[in-house]
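Structural overview for review
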Amino acid sequence: MKTDAKIKLDVQDELAWEPSIDETKIGVAVDEGVVTLSGEVDSHSKKIAAEKAAKRVSGVKAVAEDIVVKYPSSLDKSDTEIAKAAVDALEWHSSVPNDAVIVKVENGWVTLSGAVKWAYQKYSATNAIKDLVGVKGVSNSISIKQDVKPILVKDTIEEAFERSARIDAKGIMVSTDGNTVTLSGKVNSIKEKEEAEKAAFRAPGVLHVVNKLKVQYYPTYA
């Protein structure tokens, strides 16, 4: 049971524990379990690291991320240079099908589109480019298209939850409708909520996951 003040301290401690970022450059505000991060970092990967650190803290219901990425002038890249590096990275990544993803870059922000067969391929595309120099953010609009229908999807997902050391399966309910899986119930952190969604996406035939899991939040005022 945490107050907003306790959550703020825990987030600040988690940021300090993260070796890739300088926590002194990141501001933290908390309102009813919703964390807002602000400040400035010199790479997109550090921005993502800060967000992930906040999501690991129990009691955090959501993260509003206002961190600005500002590269040193020596590392600044043109949109053309970023686009070329992104295309090369996608071609080298074994999990991303060749010629399946279209890259667009505007003011350092990369937008991915196209179509792949599996969810892991979609998210592998983001992972392939998010740490490239000059990238300020990534929007993944890649669609998932396949004809495979779910087979015992509910049981497969629930078994995956039970195996995972990072997911408390007792509070999660799974329902299926065709290629869509809906998760409901309660979890202890945003990180656990995201891990449950990733596990659902790994099930064969799943094209969409509706994540209705709620992060438990018990404020105290003592």
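First, a word on what this report is: a plain description of the structure on this page. In this text the structure is predicted, and so the values were computed from the model without any measurement. (Residues numbered from 1 in each chain as written. Predicted model: local features only at pLDDT ≥ 70, side-chain atom pairs only at ≥ 80, totals over all residues. Heavy atoms only, no water.)

1. Side note on the environment of Thr182
For clarity, the cut-off: In DSSP terms, a helix is any run of H or I states spanning at least four residues, a strand is any run of E spanning at least two, and both are numbered starting from the N terminus. Two residues form a contact once any of their heavy atoms are found within 4.5 Å.
Here Thr182 is to be found in strand 9 (residues 180-187). If we ignore the near neighbours within four places in the chain, the residues touching Thr182 are Met173, Val174, Ser175, Val210 and Lys212.

2. What to know about helix 3 (residues 79-92)
Which entries qualify depends on this criterion: Helices are assigned an expected span. That span is 1.5 Å times one less than the residue count. Here the term buried applies to any residue with accessible area under 20% of the maximum for its type, exposed to any over 50%, and partly exposed to those in between, with areas from a 1.4 Å probe on protein chains only. It is the directions from the helix axis to the C-beta atoms that the arc portrays.
The end-to-end C-alpha distance of helix 3, which contains 14 residues, comes to 20 Å, matching closely the 20 Å that a straight helix rising 1.5 Å per residue would cover. Among the residues of helix 3, those classed as buried are Ile82, Ala86, Ala89 and Leu90. Looking down the long axis of helix 3, one finds its buried residues gathered within 95° of arc, a one-sided arrangement. Exposed side chains of helix 3 directed beyond 90 degrees from the buried face belong to Thr80, Lys84 and Trp92.

3. Remarks on the pairing of strand 8 (residues 172-177)
Put simply, the rule is: Two strands form a pair only when DSSP identifies at least two bridges running between them.
Inspection of the sheet shows strand 8 paired to strand 9 by 6 bridges, in the antiparallel sense. Each bridged residue has a counterpart across the sheet, and for Thr176 the counterpart in strand 9 is Val181.

4. Some remarks on the environment of Ala203
Tracing the chain through its elements places Ala203 in the loop between helix 6 (190-201) and strand 10 (208-211). Taking the C-alpha atoms as reference points, Ala203 and Asp22, separated by 181 residues in sequence, lie 37 Å from one another. Once residues lying within four places of it in the same chain are set aside, the contact partners of Ala203 are Val153, Thr156 and Ile157.

5. Some thoughts on helix 1 (residues 4-17)
Here helix 1 spans 20 Å end to end across 14 residues, near enough to the 20 Å set by a 1.5 Å rise per residue. Buried within helix 1 we find Ile7, Asp10, Val11 and Leu15. Angularly, the buried residues of helix 1 cover 140° about the axis, an arc narrow enough to put them on a single face. In helix 1, the exposed residues that point more than 90 degrees away from the buried face are Ala5, Asp13 and Trp17. Each element contacted by the buried residues of helix 1 is listed here: strand 1 (26-31), strand 2 (34-41) and helix 2 (44-55).

6. Structural notes on the nonpolar core
Nonpolar side chains tend toward joint burial in soluble globular proteins. Note the cut-off: Only buried residues count toward a nonpolar core, which is a set of Ala, Val, Leu, Ile, Met, Phe, Trp, Tyr and Cys residues joined through side-chain atoms within 4.5 Å.
The biggest cluster of nonpolar side chains holds 61 residues, and the ones touching the most others in it are Val11, Leu37, Leu112, Ile129, Phe161 and Leu183. Looking at this core, the element that brings in the most residues is helix 6, giving 5 residues. Setting aside its immediate chain neighbours within four residues, Ile129 contacts Ala86, Ala89, Leu90, Val110, Leu112, Val135 and Val138.

7. Description of unusual backbone geometry
Even without glycine at this site, Glu32 takes up a positive phi of about 55°. Notably, Asn107 is not glycine yet its phi reads approximately 55°, a positive angle. Mapped onto the elements of the fold, Asn107 is located in the loop between strand 4 (101-106) and strand 5 (109-116).

8. A look at the packing of helix 3 against helix 4 (residues 119-129)
Where we set the bar: The axes used here are C-alpha line fits, helices contributing only the stretch in contact, and every angle between their N-to-C directions lies in the interval 0 to 180 degrees. Note on angle classes: values under 35 degrees are labelled roughly parallel, values over 145 roughly antiparallel, values of 65 to 115 roughly perpendicular, and the remainder oblique. Crossings are classed by handedness, with left-handed meaning an anticlockwise turn of the near helix from the far one by less than a right angle and right-handed meaning a clockwise turn.
In contact at an axis separation of 9 Å, helix 3 and helix 4 are set at 130° when each is read in the N-to-C sense. The orientation of helix 3 with respect to helix 4, classified from their angle, is oblique. Along this stretch, helix 3 crosses helix 4, giving a crossing that reads as right-handed. For the pair helix 3 and helix 4, contact is made by Ala86, Ala89 and Leu90 and by Ala125, Ala128 and Ile129, respectively.

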